[in-house]
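Remarks on the overall topology
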Amino acid sequence: LASGGFFVASIPNKNSYVFSGAEEYPDGSFIIRNDPYHLRNGERLHAFDSAEDIQKYLCPFFKNFSFGSSDCDYFGIFERVFWVVCQKE
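Residues numbered from 1 in each chain as written. Predicted model: local features only at pLDDT ≥ 70, side-chain atom pairs only at ≥ 80, totals over all residues. Heavy atoms only, no water.

**What to know about the sheet that holds strand β2 (residues 23-24)**
Strand order in this open sheet of three strands is β2-β3-β4, and the pairing throughout is antiparallel. Both edges of this open sheet fall to β2 and β4 (44-46), since each of them pairs with a single strand only. Pairing of strand β3 (residues 29-31) with β4 involves three bridges; the strand directions are antiparallel. Directly across from Ser29, in β4, lies its bridge partner His46. (Pairing = 2+ DSSP bridges. Helix = DSSP H or I, 4+ residues; strand = E, 2+ residues; numbered from the N terminus.)

This is the structure in structure tokens:
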């Protein structure tokens, strides 16, 4: 990403369905074990509790943060995500 470019992402909240039954590592990441869609099983994802945690994690490389969030129940699958837009230093 070029300096001044924008990073736009959807980041799973630590309380999202995808982390249910996942194996947690000391660095805050998880190995996904029970993805109901079978798309991420075996993948390693970092989990965040708050927008502030995301900003702390990304601030060495990015600035001008903007956040949103979503908490949806898709017929018993509880998807919780943060949306982030920030600019590369």
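**Notes on the pattern of salt bridges**
On inspection of all chains with the given rule, the structure shows five salt bridges. The partner of Asp27 in a salt bridge is Arg44, with the nearest N and O atoms 3.4 Å apart. Residue Asp27 is located in the loop between β2 and β3, and its partner Arg44 is located in strand β4; the two are separated by 17 residues in the primary sequence. Asp27 sits in the partly exposed class, given a relative accessible area of 46%. Residue classification places Arg44 among the partly exposed residues on the basis of a relative accessible area of 45%. Between Asp71 and Arg80 there is a salt bridge, and its shortest N-O distance comes to 3.0 Å. Exposure remark for Arg80: the relative accessible area of 24% places this residue in the partly exposed category. (Salt bridge = Lys/Arg side-chain N within 4 Å of Asp/Glu carboxyl O. Buried < 20%, exposed > 50% of the residue type's maximum accessible area, 1.4 Å probe, protein only.)

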